Amino acid sequence: PGGNTSGRGDESMMGNGWMEYWNRDDFWGRLNLWELNARVFLRRAERVLELKNDDLVLDIGSGPGELALALAGKVKLILAVDAAPQFVEAARARCRNVPNVEATTPGADYTDLTVFGRRFSLFLCISVVQYYNDVGEVEALIRSAQKVSLPGGRMLIADLNLKRGGPGFFHDAACSLLTGMREGYAPALLRMAGKRWGTSSAYRHAGAANRLLEFDFNEIESLVSRMGLNAKIIRRSVSIYANRPSLLIRF
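Just so it is clear, the model here is predicted, and its values are computed rather than measured.

Undergrad: Looking at this structure, how should I read the overall build of the protein chain?
TA: The secondary structure content of the protein chain amounts to 11 helices and seven strands. Scored against the burial criterion, the 251 residues of the protein chain give a buried share of 51%. Taking all contacts inside the protein chain whose residues are at least 6 apart in sequence as the whole, residues at least 24 apart take part in 73%. Surface accessibility of the protein chain: about 11900 Å² in total, with carbon and sulfur atoms responsible for 53%.

Undergrad: Mind showing me how you'd approach helix α11 (residues 217-227) here?
TA: An α-helical turn contains 3.6 residues, so any two residues separated by three or four positions project in the same direction. Listed as buried for α11 are I220, L223, V224 and M227. The arc that holds every buried residue of α11, seen down its axis, measures 95 degrees, which confines them to one face. Exposed positions of α11 whose direction lies more than 90 degrees from the buried face are N218 and S225. Buried residues along α11 sit in contact with α7 (135-148), β6 (230-234) and β7 (246-250). Of the residues that open α11, the one with a side-chain oxygen 3.1 Å from the backbone nitrogen of N218 is D216. A positive phi of about 65 degrees marks G228, the residue just after α11.

Undergrad: Explanation requested: the sheet that holds strand β2 (residues 77-81) in the structure shown.
TA: Hydrogen bonding along the main chain pairs the strands of a sheet, whether they run parallel or antiparallel. Read across the sheet, seven strands follow the order β3-β2-β1-β4-β5-β7-β6 without closing on themselves; strand pairing throughout is mixed. Two strands bound the open sheet, and with one partner strand each, they are β3 (101-104) and β6. Between one strand axis and the next, the sheet turns by 15 degrees as a mean value, whatever way the strands run. Bridging between strand β1 (residues 56-60) and strand β4 (residues 120-126) involves four bridges; their strand directions are parallel.

Undergrad: What's the story with the packing of aromatic side chains in this structure? I'm lost.
TA: The relation between two aromatic rings is expressed through the spacing of the ring centres and the mutual angle of the planes. Summed over all chains, the structure comprises four aromatic pairs. Measuring from ring centre to ring centre gives 5.3 Å for W34 and F87, while their planes differ by 70 degrees; the resulting arrangement is edge-to-face. Residue W34 is found in helix α4 (residues 34-49), and its partner F87 is found in helix α6 (residues 85-94); the two are separated by 53 residues along the sequence. The class for F87 is buried, based on a relative accessible area of 6%. Plain terms: the ring middles of F120 and F123 are 5.9 Å apart, the flat faces sit at 65 degrees to each other, and that makes the pair edge-to-face. The class of F120 is buried, set by a relative accessible area of 1%. Grouped by ring-pair contacts, the aromatic residues F120, F123 and F251 constitute a single cluster. The ring of F217 has R235 lying over it, and the distance from NZ or CZ to the ring centre is 3.9 Å.

Undergrad: Just to check I follow, could you spell out the pattern of salt bridges for this structure?
TA: If charged atoms from side chains of opposite charge come close, those side chains can pair. By the definition in use, this model includes 13 salt bridges. As a salt-bridge pair, E46 and K74 come within 3.3 Å of each other at their nearest N and O atoms. In this pair, E46 is assigned in helix α4 and K74 in the loop between α5 (66-71) and β2, connecting sequence segments 28 residues apart. E46 sits in the partly exposed class, given a relative accessible area of 30%. With its nearest N and O atoms 3.0 Å apart, the salt bridge here joins E66 to R94. Note that E66 is positioned in helix α5 and R94 in helix α6, a separation of 28 residues in sequence. For E66, a relative accessible area of 12% gives the class buried. Using a relative accessible area of 33% as the deciding quantity, one classes R94 as partly exposed. Shared partners join several salt bridges into a network, and the residues in it are R43, R44 and E183.

Undergrad: I would appreciate a short explanation of the environment of G61 in the present structure.
TA: Secondary-structure assignment places G61 in the loop between β1 and α5. Given the relative accessible area of 30%, G61 is considered partly exposed. Considering only alpha carbons, one finds G61 and V128, 67 residues apart in sequence, at a separation of 6.0 Å. If we ignore the near neighbours within four places in the chain, the residues touching G61 are V81, D82 and V128.

About the thresholds
Residues numbered from 1 in each chain as written. Predicted model: local features only at pLDDT ≥ 70, side-chain atom pairs only at ≥ 80, totals over all residues. Heavy atoms only, no water. Helix = DSSP H or I, 4+ residues; strand = E, 2+ residues; numbered from the N terminus. Buried < 20%, exposed > 50% of the residue type's maximum accessible area, 1.4 Å probe, protein only. Contact = heavy atoms within 4.5 Å. Areas by Shrake-Rupley, 256 points an atom, 1.4 Å probe, with all protein chains shown as cover. Arc of directions from axis to C-beta. Polar contact = N/O pair within 3.5 Å; in protein donor to acceptor, adjacent residues only side chain to side chain. Pairing = 2+ DSSP bridges. Axes fitted to C-alpha atoms, helices over the stretch in contact; angles between N-to-C directions. Phe/Tyr/Trp six-rings, centres within 6.5 Å; stacked < 30°, edge-to-face > 60°. Lys NZ or Arg CZ within 6 Å of the ring centre and 35° of its normal. Salt bridge = Lys/Arg side-chain N within 4 Å of Asp/Glu carboxyl O.

Honestly, it's all geometry; don't read function into it.
Written out as C-alpha cells, the structure is:
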C-alpha cells in the first residue's frame, strides 16, 4: 500500500468527533436499515452508475457490507472501506463466501484513497460526507479519487444533507414517509423515527455534540466549479431519505 500523500496526517480522523461514535454504534446497527437502503439505492442508482461487469469498485464508508454484497454479482471487484473496525469485521463476515469482496479500514486520513495501492473505475460514497468536518475534506476525497481513478472512472457522492429549517425538515420527513408507503418500507422508517427522536441513544448525543455537514445547491455547484469537475447534480434521492441530492463525477 502507498503512504499518506494528502498532507492531512492524523488530524482529520482524530479531529472528527463522529469517528468515536461510529466505532461504538448502538443505534443504526440495531435498526438494521442497511439492507433496505442498499436495495433502494441500487434500484434508483443502477442506471445512473452505468454498472459494468469489469468495474473495480471502492465503497467508501461501507458500513457492514450490505451494498457490497448486493453489488457483488454485478461488478468484478469491490473493496469495502469503513473507518469503524466493527463494520469492517461485519462486512468480512457477511461477505466471507463472496470472493470478489474485500473489506478494510482506511489509513489515518480517511480522505486519502491512495493508501490502498490500487486503481478503481467506480467510487461510491453514500451517506458518508455529512460526517466529515468540512467541505475541504470532501474536496480532498475527490482529489484523492482522481489520483487513483482508472480512465473514465465515476464517483457518486450520494445522499447529501441539505440545509433545512424546521418546515423543510418536516417536509422532507413527510416526503420520505409517502415514498416509503408507495414502495413498502414505511414501517421501517416509522420505527427509525420513533427510536431516533423518541428515545435516548448514543447517536442522538453524538448529534448534539457534533454538527452534520450540510449543503445547498449553490455550494454544490461552487464545489464543482472551483475544482473544475465534470459532474452532474442528481436531484432525485437515491436513498430512503427524500430530497437528498447526489453528485456524479466523471474523471
